[in-house]
Each structure stands twice: as structure tokens, then as C-alpha cells.
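# Working through the structure, step by step
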Amino acid sequence: MASTPPAPAVAPSLVDTLFQRSLNDLVKSLRADPSAAGEAAAVARALSEIHREIRAPDAATKSVALQKLAYLSSLHFAPVGSHPLAFAAIELLASPHLPHKHLAYLAASLSLHPASLSLLPLATHQLHKDLSPSAGAAHQQHVSALAFQLLASPAATAAPDLPVHLAHDLVQHLARGSPRAIAAAARVIAASPSAAVPVLFKPLAACLASPDPRASTAAAAAFCDLSAPPADATPFLPLAPDLYNLLTTSRSNWALIKVLKVFARLAPLEPRLAARIVDPVCQLLTRSSAMSLTFECIRTVLTALPAHDAAVRLAIGKAKEFIAAADDPNLRYLGLLALGMLGPAYASTVNDCRDAIAKSLGDADTNIRQEALHLIMGMVNENNVVDIAGMLISHVAKSDPEFANDILGAVLAACGHNVYEMVVDFDWYVSLLADMARTLHCAQGDEIGRQLVDVGLRVQDARPELVRSARTLLIDPALLGNHFLFPVLSAAAWISGEYVDLTKDPVELVEALLQPRTSLLPISVRAVYIHAVFKVITWCFSVYVGRLGDSGMAMDVMFDRLAPDQTVSLDSNVALGSGEEQDIGASTVRKDPFSHESILYMIDLIQTTVGPLINCNEVEVQERAHNLIGFVHLVREIQELNKRKVADGDEPSRLKELVKTMRTVFCQELGPVSVNAQMKVAPPDGLILNENLVELAGMVSEDDTTPSTSIFFYPCSRHSVDTRDEPAVSIGSSSLSEHRKRHGLFYLQTGKTEDEPNDYPQANDSLPSSSNNSVINDDKSKTAELVFAGKKSTATKSRPKVVKLDTEDFLSSVMPSANVPKEDPLSGALRDVLLGSDAKALSSQRASDINLEGMLNKTSSNESSSHLIENLGSYPASRSSRTTSKQQNDDKEKGTNPRESDGKEPRKHRSSGRSGHRQGKHKHREKSSTQPDTIPQASVIQDFLL
Amino acid sequence: MIQAVMVISTQAKPRLLKFYNFQAPEKHQDLVRSVFQLLSASPDSVSNFVKVDTIFGPGTKMVYKHLATLYFVFVFDSSENELAMLDLIQVFVEILDRCFKNVCELDIVFNFNKLHTILDEMILGGQVIETSSEQVVKSVEEIERLEKQSSTTSFIPKSITERFTR
């Protein structure tokens, strides 16, 4: 293997060539200058030295160079071309010197990677030799240990032919129960199932039953690794008896942990398994003193045996002990983690620990706090959402900013989930939103603002409270300085403008919207503020003008409703402390917001504050200001109205007309818009969307050089579009739809009003209105209303109507189904082996299909499968319809004891205790069934376990 | 399985790196850096478990122990028990202590090979093969004895005498 050293570019000094630096010398030189530059220089020097030395003909020089190179590449991330290192390493693998060999194996396992795989075949023979028994026992053991190390290293497991050549060498080591061989076999199987499973799986499975505890432990760990989540655990079901044996007899905590992990994966696949393992697991749980094993038991019970109440209670009790461990944050964290494993269906069980969990919210440890928050959010339902949210918000003040926002985000997400399905009392929720916005570190303004507007659009009954909350937000000048709250303020301004008829004091509102500190707001929010003022003033004028016209009874009723809350407005008046209003005479203004004085006051206020904004250089603000000032000018005569009173009937009626028109502009109620409202827009007559426009392509493409901004008709786009759409769709319509996607806004004109239900039912009506509007899909709240209708007298507040569109339902139901389990090669290969001759008839693809189906069926309809089995027992004739020989064998066994087959329902197992001698009998049966071709997939396992 | 074992100094220098799943060599430095960021961000006396899905892939967790000037880090997936991994770090440190007689960072800096030998006696291909510290110490001593037997001269640096005898 000696390669002649090429002449070095720069002749090294005599000292360099005579004395080779050892690894220790190298480390010392690297440490001499700890600065980054110094280190880089030292590494560069060492590398050039190594490149010379590694070509040396003698093994000693070469091995030291290799060692240095491995060190540099591992810990100093030296950009070593993998090639020279890999080659030298493989060269030295064959060295008879043990230290050289050791070094070579180390370097190879550290540095080989898929790019250098071409070299690995060179090592195959050496590995084969080192794995075969020869020479002295101790020496040989060491050498084969090194070989296992390389075989299990990441690069080697990616090499496709290595397992094929070396699998047989592993078998004899497996037979001796060497833990190294078992671990290496697991890696090899995981890396290339198709080649390794037929050879290695059975010897590996045999190790599970080995009397040597080290072997059985290693085998349990190997199977735990192989059945890990991305892989399918079904093929490991036949190993259940051996694993069960290990579970009941092993004394090694390590082995028990691994066995529990495998069982936790198998139990959901085989319902009877849970009933079988629950007792031993509970015993371990009460008996074990090792925390790791206790934790694993808790995890197994909570994830795989949630139906066994006694076990779950025991596990939760232990988890509580973990949470209460004052001196160990690790246990506290894991305790919370364990409680979180119990699925949402069992949230009520976790509810018992709410106090303990709530205490953890104040823990010093971020992990623990996060986990506690996660748990608490998991147990929220419509009955306790008020308590929990209140408790959480009180925690916000005590937490650091980051966690405070985590809490706020979690509360917002939980309450807003699926169109506020958990919120019953929207008045409470709206005030909670406002409280959240005012908490110290709130950075969730976007979401709070969005939800405020959304609730306003969807829940009519929440609007009075919304307007009240918006008022408190708007009049507080301190909030205007916090940039996180801008979206909230924007939403509040929009709400008070949109639902202005619910406001108690429009004058105060206008003052708040025009207060001097609004200059701190960003342009977009200021525009919303000015527009809100516009809406408020329009409404005030319309009421005022209406009252001028007919001062009849209708107006009186209206004013009763709108009578200003004097104490509040006076307080805020003082708080606002605007000097200007003192001149007007605040007391008269306050008494009646629609008096002539207050109208004039508002007009003045608008002219002084909005007037200058006409020259604002931001178009949004400028435009809104122009609108507002323009409108005020139009109704200027209002000032004179008071003097002339009802002098001539002409002037006021013109004004009335104007104000009424403006008011109707804002009267139309806005509602949420469905995502696919687009589809409901009927194409106008004469427009043929499916018409083929391809003949236009030539015409358009001649001069159209910017296709991205307009509709494009390029023929080339047909392919890309056609693959997505149905092939019949012509290019014209597809590019139309493309355009529609991009400019969807402009397509929504007609038909939209049909989608928006305007007829909101009154929530406090005793009769729930039966609106036939097809867009509203709100059965849940309807039933809730029906239920609550009777309880009205007991002061229970019914849940108001929440407008919910069908598409939102549709989307939420579609999303979870996205994660379809995918087939992995390992389970396919395992099944081929385990199913024996039968499975060979099926292609692996077919088998995987069956597996998928089986998995789905098992999880979804346990009842139907058990029903089927019962049928088999009671009508023997139907059994013959199953044709495979295996199944017939199986049936013969069952036939001897028909009552046994009757008792296949999981429930019966649990109730009837299993006696010891029966267990023995089954163990006997297990032995016989480990023969290669009597292992069908699911039905035989019943035999193992019963 | 165990995905990686790392020993990183509080100065962010890696002292031992071993990956059991393939990680491209050019990515190693980034991995060490992001792990160290997590380590240095977490104060003492908090729980030692960190979810590292973003660094090592879905479902992975990291457990660490801060001893003197070193962080001992094990990265593992759902097939390992958190507390068992914490115990394993303890075992590893115990073994180092016994092999080096009061281990300190310098021992780890200057004993690249021996460190790997020890680790390989405990973990193979991401699987734990030995959890007893006595057993590991015994095996490591046995390996050293064997290698000494095999050749007493191989670790002596290339010397003038060697040159002349060839």
C-alpha cells in the first residue's frame, strides 16, 4: 500500500522531517495561542505536516498522522478532504499492531461518511476477518469489538453492501449473546432492512429469551430502537411473549425501561395487550425505587393504558409526587411532562392536579413554566375557561415579559379556537381582551385587535360590551405610547365608529379619538381614527336632525336609551383636561350629546384638530381628513339651524336628506366573509368561462412582455396549470382563475350580501329563532340555546349567536387528516420474514396497503373487529371462508376450546383474572409458535397471549 | 437511540464529539454552536432537559450536566428514558474520574483516544451496551494492557534510531 511521497512544495526543515510531532505535541501547539487566528495557523501547519506524514511508508508514522488528523477533523472542524483520511484509515485496519488497528478503527468510525463509501468495500474483507473467531480470546474479543464499532458507525450503516456481506458474520456473535453484536445488528437492520432482516432478525429475537441478562437487555434495547415511531411497530407484535417474560422477570431497570417502551408502542395495536401488561406495570410502579423506571411506568400507563382507571390514578399520583419534588427541577419537569401525555380525552383526570400545576406557573425554570402552561391550556373547556383565563391573566403580571406573552398567546389561541367555541359569555371575553391589552408586557396586540373586530362582526350581542371596552381603551392617553397596542387601538377605534349607535357619550368619544397624543399613532391607525370620527359625527348629526324634525315620542324613547352616564363622562372629562371645552361650558354639553351646543362643540373640535391634517403628506390620513372636513362644511348650516328653528321647512329637509344619505352609507352591517364566497358568485350571462382562448395566445404574446401583472395566455403555462387543475379546463379559464386568485378582492361584488346574514336572532329571546340561512352553520350554539332557554330564570346567561361560516368548519375538519401514516421499508421487510410463505404471495406494496388498512381499522373500529371475532366463534361455518392454511391451523387450535374464542373481547379479559397455570400453558404454546412459518400477523398473537 | 454525545467547555470549545447518526462534517461546527447557545442560555438549578427538535430533528431531546468547566451533553430520541440518560452522564463522569484519578478538563484535552475508548465501551451505535462503571473501567484497563503487550514501541515518536535501523 506504500505510495511514494511526492516532493513537497516547500522543503520542510530538517527538524520537521526528523521528528514527528505526536498528538500531544499538536494539542500543546494549538493551546499555545488560544486566539482564533493563532489556532487557525497552527491547524494549517499541522495539516500540511499531516499530509506529508500520512503518506509515509511505515505504519508508525502513518498512524500518528492519522490520529492527529482524526483529532483535528473531529474537534477543530478542520476541513479535511475525507479521502486521504479514509484511505489511510482503511490501510491501517489491517495492521497486526493492536494500537494501530485501534487508531484506524477509531478514525474510520469518526470520519467515514457517505461520500467516502467507495472506499468501504476495501474494508469489507478486513471486517470479515476481524469478526471471525481466531487467535487468543481476549485479543480477538477486542478486535471484534472494534469491528462492531465500525459496523455500527453512521457511515457504514449507510453503505448498502456492507450488511449483505457481513450479516452472516454477525450471526455467530449474536448466538453468543454479545451486547455489541446485538447493538450493531440493530443498526444494520435499521440501515438496510431488506438485506439484513432475513439473516439477523431471528437470532436477534432469540437473544430476547437469552438467560444472560446482558444479552436480553441489549436485545430489548435493540427492539425498542427498531420499533421507534417513524417505523411501524406491528411486525414486533409476535415478540410480545418474550418481552412480557422479560417484563415480569428481569431485574435490570435498563431492560425494563426498554421493554415498557416497546409495550407502549404495541398496546394500541393489540387491545388485549393492555389488559395483560397493566398488572405488572402497576407492580413495577409501586415497587420500583429507581426514578427512571418509575417515570417510564407512568409514561407507559398514561400513553398506552389510559382506559385502566386504577392504573391511571396510580400513575397520576406518582406524577404528582414528581411535581411536588421541591429540590429537583428535573422531576418537576418530567412530572408535568407525564401529565401532558394523557390525551385530551382525559383532561378531566388531570384537572385534579390543577392547583399543583398552577403553582408550577410561577416556577423559576422556563421549561417547567412552559410545560405547566401547556397542560393548563389542555384542560380548558367551556365550563372552566373563565376561571382558568382569570387565573392565567393574574399570573401575567408576575411573569417575565417573554412568558407573559406566552400566556397571553395561549389564552388567545384557546379562546379563539374554532370560532370561540369555548366562550359562552362574550361580555366577559371582550373585557378579558381589553384587560389583556392593558397588561404590562403585552405584545399580542395584533391578535387581540383581530379578535376584537372579529367578535364584533360575529357576535351581535357582544357589541355593547365591545363599545364599552373600546371606550376605556381609547380614552386612556397612556396606551397611545405603546407601539404593541396600536393594532388594539385601531380595532377599538373601528369598533366605536362602526357600532356608534351603542355608544353612551359620542362627545367624549370624539374627544378621545382626536386627543393630541394620537399624533403618536402610525399612519394606518390614524386613518382609522379619523374615519371613526366621521362615522360618529354622521350618526350624531342624523340623530340631531331627526330630533329637529319630529320631537315626537320616538325620539324621547331613543334619548332614554342614550341618556349619558354623567358621572363617568364627567370624570373622564376631568382626566382629559382639555382647556378648550371649559370655554364651551362642559356641563351643558354633557347633559345631552345631541344638543345644539354639543354638535357645535364637536364641529369645532374637528375643525381645529383634523383641519391641519388636510396638508398631511400621508395620503391615507390626508384623504380621510378631507372627507371629514368636507362633510363638516356641507352641514355647516347646522349652526344656523338653531337660530331659525323651524322657520322655513325647506332648508332643514335638504340637510336632513344629506345627513340621512351619509348615515345610510354606514348603516349596512358588515359580517364575516366565507373563504369560498367566491364560488357563490354566479357568472353573468353570456360569459363562458370554459371557452378556449388559446387562439389568442399568439396575438397576446407578441407585444405582452410582462406576463406577471396581467392575465397571460402563454401556451407554455398550460402544462403547469393543467397538472394542477382538471385536464378539461382550458387555458383561458385557468388563467382567469389564476387572475382571480391574485386579485380576488375585485371579484367579490355581487352575491356577497346574500352571504351575510343580517337577521341576527336575539340571544335573550326565549324562542330561538330558526333562521334558514344556509351560510350559518351553527347547530352547536342552537342546541345550547335550546338547553339554556329553560334555565333563563336561574340567571344563567345563554351563549349568544356566533356567526360561523361553513368553510371554517370544513377547513378545521380537513386539516388533521393530513398526516397519513407512511410505510417504511423496515416494517415491510420484517413482515416478509415474519409472515413467511404466505406473505411472499403478496408484493411488498400490497402488504403495506394491508398494513395501512389494518392500522386504520384497528384504531378506528375496535368494536367491529371484536364483533367479527365473536362471529367466528359462534358460526364455525363462516370460518371456512378464510382460506389460508395458517389460519386454518389457528382455527383448529381454537376449535378445541370454543369458549376461549368467545372470550376474545378485550373487556372480558380485564374482568376475569388470568390464573397462573393458564399462563404456563400459553408459554408452552408460544414456544411452538416461534417456528418460522406459523406466525401470521395478528390472529396468532391472540394465541400467544391468551 | 442516543444521537450524539458531546463534551463542550464553558468556553464553547468542543472536547469530545461523537455522532451516532450521520451528520455532515461541515455541519458539526454549527451543531456545537447551537447546542452551546442553548447551554449558555439556561441558568443553573433549572431542569436539565431541553427539546432540540430544531437542531437534531423531530422528537429529539438533550440532557446536560454542567460540571466545573465542562458541559456533558447527551442527545437522544424517544427510545431513551430521560432520567436514565441523566444517570448515564453520571456514570460517564464517574468512569472518567476513575480512569484519570480526579478528572479535570486537561485530562480530557490530552486524552483524545482514551476518551473515545471509554465512550465506545459504554455506547455502540447509539445503543448503551454497558452501564456499570466498574465493568467499563475494567475493560478499558484490559484494552490498554493488550495494546501495550502488542507493541511497546508504536507510540514512541519516530526517532532517529528508528530511521537508522530501517
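Residues numbered from 1 in each chain as written. Chains lettered and ligands numbered in written order. Predicted model: local features only at pLDDT ≥ 70, side-chain atom pairs only at ≥ 80, totals over all residues. Heavy atoms only, no water.

### A closer look at the overall build of chain A
When helices and strands are counted, chain A shows 54 helices and zero strands. Evaluated residue by residue, chain A yields a buried proportion of 50% over its 946 residues. In chain A, the proportion of contacts linking residues at least 24 apart, taken out of those at least 6 apart, comes to 68%. (Helix = DSSP H or I, 4+ residues; strand = E, 2+ residues; numbered from the N terminus. Buried < 20%, exposed > 50% of the residue type's maximum accessible area, 1.4 Å probe, protein only. Contact = heavy atoms within 4.5 Å.)

### Some words on the overall build of chain B
If you tally the helices and strands in chain B, you get seven helices and seven strands. Relative to its 166 residues, chain B shows a buried fraction of 58%. Summarising the internal contacts of chain B: among those between residues at least 6 apart in sequence, 50% fall at separations of at least 24. For chain B, the exposed surface amounts to about 7100 Å²; the carbon and sulfur share of it is 54%. (Areas by Shrake-Rupley, 256 points an atom, 1.4 Å probe, with all protein chains shown as cover.)

### Structural notes on the state of the cysteines
Residue and element names in this part refer to chain A. Under the definition given, this model contains zero disulfides over all chains. Cysteine Cys282 remains unbridged, with the sulfur of Cys297 as its closest cysteine sulfur at 8.5 Å. Given the relative accessible area of 16%, Cys282 is considered buried. (Disulfide = S-S within 2.5 Å.)

### Considering the nonpolar core
Judged by nonpolar contacts, the single largest core of 292 residues is most densely connected at Leu72 and Tyr429 of chain A together with Phe74 and Phe92 of chain B. For this core, the element with the most residues is helix H30 (residues 523–549) of chain A, which contributes 14 residues. Non-local contacts of Tyr429 of chain A, meaning those with residues more than four positions away in its chain, are made with Leu412, Cys415, Gly416, Tyr420, Val423, Gln451 and Val455 of chain A. (Core = buried A, V, L, I, M, F, W, Y, C linked by side-chain atoms within 4.5 Å.)

### Observations concerning the pairing of strand S4 (residues 61–67) of chain B
Residue and element names in this part refer to chain B. Bridge analysis of strand S3 (residues 49–51) against S4 gives three bridges, and the strand direction is antiparallel. Note that in S4 the partner of Val50 across the bridge is Met62. Pairing analysis gives seven bridges linking S4 to strand S5 (residues 70–76), with the strands arranged antiparallel. Bridging across to S5, Tyr64 finds its partner in Val73. A loop of two residues connects S4 with S5, the two strands running antiparallel in sequence, and Ala68 in this loop sits at a positive phi of about 50°. (Pairing = 2+ DSSP bridges.)

### With respect to the pairing of strand S1 (residues 2–9) of chain B
Residue and element names in this part refer to chain B. Burial runs high along S1: eight of the eight residues are buried. By the bridge criterion, five bridges tie S1 to strand S2 (residues 14–19) in an arrangement that is antiparallel. Bridging across to S2, Met6 finds its partner in Leu17. Between the antiparallel neighbours S1 and S2 lie four residues, among them Ala12 with a positive phi of about 70°.

### Describing unusual backbone geometry
Unusually for a residue other than glycine, Asn418 of chain A sits at a positive phi of about 50°. Looking at the element boundaries, Asn418 of chain A is found in helix H24 (residues 401–420). Note on Asn418 of chain A: relative accessible area 22%, which makes it partly exposed. The backbone of Asn102 of chain B sits at a positive phi, close to 60°, despite the residue not being glycine.

### Looking at the sheet that holds S1 of chain B
Residues and elements named next belong to chain B. The strand order across the open sheet formed by five strands is S2-S1-S5-S4-S3, and the pairing between neighbours is antiparallel. Strands with a single pairing partner mark the edges of an open sheet, and in this sheet they are S2 and S3. Averaged over all pairs of adjacent strands, the angle between strand axes in this sheet comes to 20°, irrespective of strand direction. Taken together, the seven bridges between S1 and S5 define a ladder with antiparallel strand orientation. (Axes fitted to C-alpha atoms, helices over the stretch in contact; angles between N-to-C directions.)

### Describing helix H29 (residues 506–513) of chain A
All names here are of chain A. The element H29 is largely enclosed, with a buried count of eight among its eight residues. Three or more residues of H29 are buried, namely Pro506, Val507, Glu508, Leu509, Val510, Glu511, Ala512 and Leu513. Capping the start of H29, Asp505 holds a side-chain oxygen 3.2 Å from the backbone nitrogen of Val507, two or three residues further along. (Polar contact = N/O pair within 3.5 Å; in protein donor to acceptor, adjacent residues only side chain to side chain.)

### Structural notes on the pattern of salt bridges
All names here are of chain A. Summed over the entire model, instances satisfying the criterion amount to 31 salt bridges over all chains. Put simply, Arg450 and Glu447 hold a salt bridge, and the shortest N to O gap is 3.1 Å. Taken together, the positions of Arg450 and Glu447, both in helix H26 (residues 445–458) and three residues apart, correspond to about one turn of that helix. A residue is classified by how much of its surface remains accessible, and Arg450, at 42% relative accessible area, is partly exposed. (Salt bridge = Lys/Arg side-chain N within 4 Å of Asp/Glu carboxyl O.)

### Topic: the interface of chain B and chain A
The partner chain A presents 72 residues to the 62 residues of chain B that form the contact. Both faces combined, the contact of chain B with chain A buries some 5900 Å², and carbon together with sulfur accounts for 59% of it. Applying the counting criterion to the chain B and chain A interface returns six salt bridges. With a shortest N-O distance of 3.7 Å, Lys51 of chain B and Glu371 of chain A are connected by a salt bridge. The tally of links from chain B across to chain A stands at 24 residue pairs in polar contact (both at pLDDT 80 or more). Of the residues that constitute the side of chain B that touches chain A, the class distribution is 28 nonpolar, 18 polar and 16 charged. (Buried area = accessible area lost by both parts, 1.4 Å probe. Nonpolar A, V, L, I, M, F, W, Y, C, P; charged D, E, K, R; others polar.)

### Focus on the confidence of the model for chain B
It should be kept in mind that the predicted coordinates are not to be read in detail where pLDDT is low. Here chain B averages 85 in pLDDT, while 90% of its residues score no lower than 70. Put simply, helix H7 (residues 160–165) of chain B is where chain B has its lowest mean pLDDT, 49, and S5 of chain B is where it has its highest, 93. (pLDDT = per-residue confidence, 0-100.)

### Let's talk about the packing of helix H16 (residues 271–287) of chain A against helix H18 (residues 309–323) of chain A
Residue and element names in this part refer to chain A. With their axes 10 Å apart at the nearest point, H16 and H18 run at an angle of 25° to one another. With respect to H18, the element H16 is oriented roughly parallel. Between H16 and H18 lies a crossing of left-handed hand. Here Val278, Cys282, Leu285 and Thr286 of H16 lie close against H18, whose contacting residues are Ala311, Leu314, Ala315 and Lys318. By residue class, the composition of the contact of H16 with H18 is six nonpolar, one polar and one charged. (Parallel < 35°, antiparallel > 145°, perpendicular 65-115°, else oblique. Left-handed = near helix turned anticlockwise from the far one by under 90°.)

### Observations concerning the packing of aromatic side chains
Across all of its chains, the model carries 17 aromatic pairs over all chains by this definition. Both rings, one in Trp494 of chain A and one in Tyr499 of chain A, keep their centres 6.0 Å apart while their planes meet at 85°; by these two values the pair is edge-to-face. Residue class for Tyr499 of chain A comes out buried when judged on its relative accessible area of 6%. Through successive ring pairs, a cluster of aromatic residues spans Tyr420, Phe426, Trp428 and Tyr429 of chain A. We note Arg369 of chain A situated over the ring of Phe403 of chain A; from NZ or CZ to the ring centre the distance is 5.0 Å. The ring of Phe100 of chain B has Lys114 of chain B lying over it, and the distance from NZ or CZ to the ring centre is 5.0 Å. (Phe/Tyr/Trp six-rings, centres within 6.5 Å; stacked < 30°, edge-to-face > 60°. Lys NZ or Arg CZ within 6 Å of the ring centre and 35° of its normal.)

### Some details on the confidence of the model for chain A
Residue and element names in this part refer to chain A. Predicted confidence across chain A gives a mean pLDDT of 70, with 63% of residues reaching 70 or more. Of the regions scoring below 50 in pLDDT, residues 551–589 engages in 48 contacts with residues more than four places distant in sequence or in other chains. With pLDDT under 50 throughout, residues 810–822 is counted as low confidence; its partners more than four residues away or in other chains account for four contacts.

### Some words on the environment of Leu26 of chain A
All names here are of chain A. In this fold, Leu26 is placed in helix H2 (residues 23–32). When its relative accessible area of 0% is taken as the criterion, Leu26 is described as buried. Between the C-alpha atoms of Leu26 and Tyr71, which are 45 residues apart in sequence, the distance is 9.6 Å.

### Comments concerning the environment of Ala184 of chain A
If you trace the backbone, Ala184 of chain A turns up in helix H11 (residues 179–191). For Ala184 of chain A, a relative accessible area of 0% corresponds to the buried category. Sequence-wise, Ala184 of chain A and Ala152 of chain A are 32 residues apart; in three dimensions their C-alpha atoms are separated by 4.9 Å. Setting aside residues no more than four positions away along its own chain, Ala184 of chain A makes contact with Phe148, Ala152 and Leu170 of chain A together with Leu124 of chain B.

### A closer look at the side chain of Arg369 of chain A
Residue and element names in this part refer to chain A. With respect to the helices, strands and loops of the structure, Arg369 is situated in helix H22 (residues 366–378). Within the structure, Arg369 has its side chain in polar contact with the backbone oxygen of Asp363 (distance 3.1 Å). Excluding anything up to four places from it in sequence, Arg369 contacts Ser360, Leu361, Asp363, Ala364, Asp400 and Phe403.

### Considering H16 of chain A
All names here are of chain A. For H16, with 17 residues, the first-to-last C-alpha span of 26 Å sits near the 24 Å given by 1.5 Å per residue. Its axis deflected by about 40° at Ile277, H16 carries its strongest bend there, up to four residues before the proline Pro280. Listed as buried for H16 are Arg272, Leu273, Ala274, Arg276, Ile277, Val278, Pro280, Val281, Cys282, Leu284 and Leu285. (Expected span 1.5 Å × (residues − 1). Bend = angle between axes of the 7 residues up to and from the residue.)

### What to know about the environment of Asn113 of chain B
Within the secondary structure layout, Asn113 of chain B lies in helix H5 (residues 112–122). Residue class for Asn113 of chain B comes out buried when judged on its relative accessible area of 18%. Not counting the four nearest positions on each side in its chain, Asn113 of chain B is found in contact with Gln67, Leu103 and Leu106 of chain A.

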